[in-house]
Structure formats: C-alpha cells, structure tokens
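# Results of the structural survey
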There are 2 protein chains.
Amino acid sequence: MAMKREEIKIITDKEEMRKWSRSMRAQGNTIGLVPTMGYLHQGHISLIKEAQNHTQLIVVSIYVNPSQFSPSEDLATYPSDFHGDIQKLNSISGGVDVVFHPQNLYDYGESITTSNCSSSEEKEEEKGLVSCVEERKLGHETWVRVERLEKGMCGKSRPVFFRGVATVVTKLFNIVEPDVAVFGKKDYQQWRIIRRMVRDLDFSIEVIGCEIMRDADGLAMSSRNVHLSPNEREKALSISRSLSRAKFAAQNGQISCRELRNSVTQAILEAGGKIDYAEIVDQDSLEPMDEIKSPVVICVAAWFGKVRLIDNIEINL
Amino acid sequence: MAMKREEIKIITDKEEMRKWSRSMRAQGNTIGLVPTMGYLHQGHISLIKEAQNHTQLIVVSIYVNPSQFSPSEDLATYPSDFHGDIQKLNSISGGVDVVFHPQNLYDYGESITTSNCSSSEEKEEEKGLVSCVEERKLGHETWVRVERLEKGMCGKSRPVFFRGVATVVTKLFNIVEPDVAVFGKKDYQQWRIIRRMVRDLDFSIEVIGCEIMRDADGLAMSSRNVHLSPNEREKALSISRSLSRAKFAAQNGQISCRELRNSVTQAILEAGGKIDYAEIVDQDSLEPMDEIKSPVVICVAAWFGKVRLIDNIEINL
C-alpha cells in the first residue's frame, strides 16, 4: 500500500536542489532522477514508477532544454502545462518528492562581450552546431559529446540534439547527484548515449531504460502527439503497425534488414508520412545491420504534417 | 604545527577511490584533489600546500593521461618515478592522505568489435582528433570540450590536448568527488578551461589556481625540464627573462601588444628557441589583445631541442 507523502516540493534554484539532495543522502536515503521536458503523460509516469522501485526518494526534473533544439526547430511551440504536470505528479501513488524546475540552466549571470565571439560562432554555424543556447549568447561553451553513438539516425537530422542532451543530463547529474536515473527507451538512441556517457565519464549513477508506453491504438506516447490532428494521428499509426509487422516477420524467418526496412518505409509512405530515417541497428553499437544476427532495434523517425515522431521496436531472435 | 599523519594510502581502483571519498565525507571531512601526471617537483608540492589550506583531506592523483597526447607526441617518454613521488609526498608536512594511481581510466573491459569503427576513426583522423586513446581502440567515445577557450594557443598546436584534459578531469571529479581541486597557473589555458568547464557543467567543486613555481634561475618548473641538456636549459631561460622584461616594459607604459610580443619572440629566437606561439590575451576570455586595457597574460610555448616548454606572466596594470 502506498504511503501518503507530503505535497511535492518545487525547487527552481540549483544550489537549493543540490543542498536538498545532499541532506537527504546524508540521512541515508537514495535518490532517483527522472529527467523530463514536462507536459507529462503516462510514459513519464511509467518512468517515475520504475524509479520508485529503485530509490527511496524521487526527483522529477521539468526543463525544456534549449541546447537540444536548433533555432529552426520547435522549441517555441514545445507544449507545456506546469500546473497540470504538478497535479499529475501529486496523484501518483508512492509519490514524487521534488520537482526540479530551473528557469535557465545556461545563464551564468555574465554576458559575453568579447569581439571574437561572433566570429567563432559563425564558424560553428558553418558546421551546423548552433543550438538555441548559442543563439542567446549566454557564454555557455562546454559540451559533452558521445562521438560515435551520436552520429547516426536522430543525430544526422538533428545535429545539435545529442550534444544538448548529453550536456544537460551531465548538468542535471551534477546538480541533483542521484543514485539512479531513468530514461525511456522510446528515445532509444538517447538512452544508449546516456548509458555510454555514464560509463565513459565515470558517473556513479545507474541508468535504467523503460519500455515504450503506447496509447490503446498503438501510437507511442509523446508530448508532441498533442499537435497531431485526428487525421494525422490515424495515419501516424502506420509507424507502430509497420514496426509490429516487421518484428513478426523477423520472428518468422525474415532476417534481411533491407526487406524489413522496405516494408516499414513503404507502409509509412503509403499512409502519407515523410520518412526521416528507418534503420535496423545493433542494440548496443547502433550500427546498421544487413541481417538480423544479434539483438537489433528498428528505429524510425517520420513526419506527419508538422510533427516529427519517433518510434522503435527491439527484436531479440 | 603539522600533525603527523599515517602513511599515504595508495588506491588504484576507481570504485575503491570513490568509496573512500564517500566514507570520509560522510564523517564530515572535506576533500581536496590535486591532479598530476607524476614526476613531482616543487610546483606540485605548492599545489598540495594550497589544497591543505582549503580541505581536511588531500587526494593527489598520479596518472599520465593518454587522451591528452596525440600519437606523435611524447607519451612514451613522459618522465615517471612513482617510488620517488611517494617518498616526496610522504615528506610533505601536513601530509597527503591518498594517492590515486589508476592503471587505465579508458579501459572498460570491452573491446570494440563493430565494423564501422575504423572508418569513423579515419574520419576523426582527417579532423586531427585522434589521441593515444583512440589509437588503442578501447571503445571510449565521450569527450568534454570547452569550445571557445580550447581554440587558441596550446589548442592550436595540440588539437587533442584540452579535449583530453577536460575529459580526464571530469572523470577524476566523478571518481574522487572532491570539494576543491587545485591547478597550476603555469598551464594557464588549462586552468581557465577547467574553471569554465566546472561552471558550465555545474560541478560543485571549487577550482583554485596556484602561481607558477620557478627554479632559482627563473625557469618555470616542469616535469619535462629533466629532458633539457644544461646548454638547452641555459637558452630556455630566455623565456622567463623576456616575459619579466615585457611585464616591466608594460608597467612602464608600453601597452602595445605587438611591441611586447615582438620583444619576447625575438629574445627566444635569438637564444635558439623555436616559437610555437607567443600571445598576449585577456585573462578571462583568452582572446588576443591589441593594447593592454584589461588584465592580460602573456603566454609562450617554445621548443628548445626536443622539449616543448610553456610559460606565462600575468599583467594587471
């Protein structure tokens, strides 16, 4: 039976956040972190439930991270509902202890005044590495990159994305100092990147991946789904359906990745989607496979209207 | 009066290192970290003395970090004397509590087997970003970069250097979890980069810079000085002497950085040195200045024989 906890504590200041964590740990508690960008749905709730299995205390961060968006992407329209999020979190059995909701994790109270900044940023612009953080000229300049795993799939179409994710997660790890952090496997590449980063930088944090949560019709839950029209949503089901069919085909002997990939691509195109990528990759290295010989995952990103959706399915033959 | 401490504890395992730190902190102690590559001299000792002013316990790491060397650099001939280092540390009044001496911080017990690795590494080779870690193919792929501060000076002639330094310091911070870390201002750019990294990644660690230690003749102390012949050493004094003269000239009204720079360059060339760079930069942004209007630092790197030496002098008019 879930114990009734006090109201969720909302912390916006990073020093206060760290102080809370340290004092709780000094009392012998373990802390689980669930990083989110808010507009919470059942997928997020499942991450919180998983965290509850591992630690005594739960911190949920709600922060729309500007460094993982390029200036041409949807930072401005990313959905948010902080009040609704807090209500949802309050209703979770077992509870959430702290919502960490910082205003700007890249503002250090100094503006950059030096003459060379614009020219060096122009150079970065040539390389395509300008996120909404550089655009705001706040002086942040340290980035964490997982150089091999970030190259393919979402990294190709969103060049600043994983740099921004790895960096903000490093910051959150250093501020919250959790024992465990939980990520959704819907963002499969992100999950693998965070695990690799934790290994390579010697963070003392256990990273746990949670299975994808789907609506009754099969659509993978995403905060961005709210932007789909009913018609687009119906068409978007081609993603999850084609992934399930491909898995079924693989389990029944179709191990050619080209064939499996074609079937997925074709179904999405026929439904009117625009494919960003559809790849069958090794679950660990994320490298494209020709045949299914080891555990793989089929990863898809596709546009329906103005919404870019991602989904994936693991195949362990 | 310095208290007699027990013999230094030598820890090679990173889990054991973290466990020691956590148990000491749980008892209310603060921990200072002095990262070194060993072959200790008075410069290192001064860092340790400084750390003693700030924390109760002192960890000195001794680790020649392969990721800050390119395969063509002097990793193989970098001087080492672990036994002598321990003797020196044992003789420090006030003492050192732990020497952290890991064998290989980049070996995670897995070799990389995937076919794409060599091709992606070839691409990195084109960009010049192969350190002695990539060369060993251990699978490490996460790097911390301080993108603006790393560009100039040592970053130009040693493209993997600061990426390697920032990454290994992140790893050491995550393993040792110190309250304070002490760096020498002889490596001026490195010191600034670490401070910026700590700010940008929200490490809860105070970074302290220590003044350059010099031998009686003025040569900045460096482990690499041991490779200088007596004749080369005499010539290398042109660096510190020309820096002192330039500071004196600036204090007496010469604020043209071109003039000051030329005087330094000329003195080193006349002594038979080969200039890598000589720059007068803002102390904070490390951007080259035309005139001395704000606090600057003159930074020099020059070769004498097979030895590359660096030195610098701050000017606060």
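Residue positions are given per chain, counting from 1 as you read along its sequence in written order. Chain labels run from A onward and ligand labels from 1 onward, assigned in the order the entries are written. Per-residue local features are limited, in this predicted model, to residues with pLDDT of at least 70; the limit for side-chain atom pairs, both in listing and counting, is 80 or more; totals at the level of whole chains, interfaces and linings are taken over all residues. Heavy atoms throughout the structure, all of them, feed into the side-chain values; hydrogens and water do not.

Looking now at the relation of the copies chain A and chain B. The two chain copies are related to each other by a rotation about an axis together with a translation along it. Overlaid copies result from least-squares superposition on C-alpha atoms, with residues included only where pLDDT is at least 70 in both. Here chain A sits on chain B after a turn of 180 degrees about the axis and a move of 0.0 Å along it, with an RMSD of 0.0 Å. Both copies are brought into coincidence by an operation consistent with a two-fold rotation axis. When C-alpha distances to the rotation axis are compared across chain A, the minimum falls at A:Val144, with a value of 2.3 Å. Only heavy atoms enter the contact rule, under which two residues are in contact if any of them lie within 4.5 Å. The fraction of interface residues of chain A whose copies in chain B are also interface residues reaches 100%, indicating that both copies meet through the same surface.

This part takes up the sheet that holds strand β6 (residues 180–184) of chain B. Residues and elements named next belong to chain B. One open sheet accounts for six strands, arranged β1-β4-β3-β2-β6-β7; its pairing is parallel. The open sheet terminates on both sides in strands that have one partner only, identified here as β1 (9–11) and β7 (206–210). In this sheet, adjacent strand axes meet at a mean angle of 25 degrees when their direction is disregarded. If DSSP finds at least two bridges between two strands, the strands pair. Numbered from the N terminus, helices here are DSSP runs of H or I no shorter than four residues, and strands are runs of E no shorter than two. Where strand β2 (residues 31–36) and strand β3 (residues 57–62) come together, six bridges link them in parallel fashion. Counterpart to Ile31 in the pairing with β3 is Leu57. Each axis is a line fitted through C-alpha atoms, and for a helix only the stretch in contact is used; angles between axes span 0 to 180 degrees, taken between their N-to-C directions.

A separate point is the domain arrangement of chain A. Residue and element names in this part refer to chain A. Here chain A is partitioned into domain 1 (9–107 + 136–210) and domain 2 (225–315). Relative placement of domain 1 and domain 2: their C-alpha centres are 26 Å apart. Listed per partner, the contact involves 16 residues of domain 1 and 16 residues of domain 2. Summed over both partners, the interface of domain 1 with domain 2 buries about 1,500 Å², with 56% contributed by carbon and sulfur atoms. A side-chain nitrogen of Lys or Arg and a carboxyl oxygen of Asp or Glu constitute a salt bridge if their distance falls within 4 Å. Along the contact surface separating domain 1 from domain 2 lie three salt bridges. When contributions to the side of domain 1 that touches domain 2 are tallied by element, the ones reaching two or more residues are α6 (154–157) and α8 (188–200). Note that domain bounds follow an automatic or database assignment of domains. Buried area counts how much accessible surface, traced with a 1.4 Å probe, disappears from two parts once they are put together, with both parts' losses summed.

Here a pair means two rings of Phe, Tyr or Trp (six-membered ring of Trp) with centres within 6.5 Å. Their orientation is stacked below 30 degrees between planes, edge-to-face above 60, and tilted elsewhere. This structure, assessed with the given rule, holds ten aromatic pairs over all chains. When the centroid spacing of 6.0 Å and the interplanar angle of 75 degrees are considered together, the rings of B:Phe69 and B:Tyr78 count as edge-to-face. For the exposure calls, accessible area comes from a 1.4 Å probe over protein chains only, and a residue counts as buried if that area is under 20% of its type's maximum, exposed if over 50%, partly exposed in between. With relative accessibility at 0%, the residue B:Phe69 sits in the buried group. Here the aromatic rings of B:Phe161 and B:Phe162 are separated by 4.8 Å at their centres, their planes lie at 65 degrees, and the arrangement is edge-to-face. Residue classification places B:Phe162 among the buried residues on the basis of a relative accessible area of 3%. A positively charged side chain is recorded as over a ring if its NZ (Lys) or CZ (Arg) lies within 6 Å of the ring centre. The angle to the ring normal must also be within 35 degrees. Cation over ring: A:Arg163 sits above A:Trp143, and NZ or CZ is 3.7 Å from the ring centre.

Attention now moves to the interface of chain A and chain B. Taken together, the contact between chain A and chain B spans 44 residues of the former and 44 residues of the latter. A combined buried area of about 4,000 Å² lies between chain A and chain B, and 40% of that area is made up of carbon and sulfur atoms. At the surface where chain A touches chain B, the tally comes to eight salt bridges. Two residues, A:Asp202 and B:Lys171, come together in a salt bridge whose shortest N-O distance is 3.0 Å. The term polar contact refers here to a pair of N or O atoms within 3.5 Å; inside protein, the definition further demands a hydrogen-donor-capable atom paired with an acceptor-capable atom, and it admits residues adjacent in sequence only when both atoms are side-chain atoms. On inspection of chain A and its partner chain B, the count reaches 30 residue pairs in polar contact (both at pLDDT 80 or more). Contributing elements (two or more residues each) for the side of chain A that touches chain B: α1 (14–26), α4 (116–127), β5 (142–146), α7 (161–176) and α8 of chain A. At six residues, the largest contribution of residues to the side of chain A that touches chain B is made by α7(A). Each residue receives one of three labels: charged for Asp, Glu, Lys and Arg, nonpolar for Ala, Val, Leu, Ile, Met, Phe, Trp, Tyr, Cys and Pro, and polar for the others, Gly being one of them. Of the residues that constitute the side of chain A that touches chain B, the class distribution is 13 nonpolar, twelve polar and 19 charged. The pairing of β5(A) with strand β5 (residues 142–146) of chain B spans five bridges and is classified as antiparallel. Looking across to β5(B), one finds that A:Thr142 is bridged to B:Val146.

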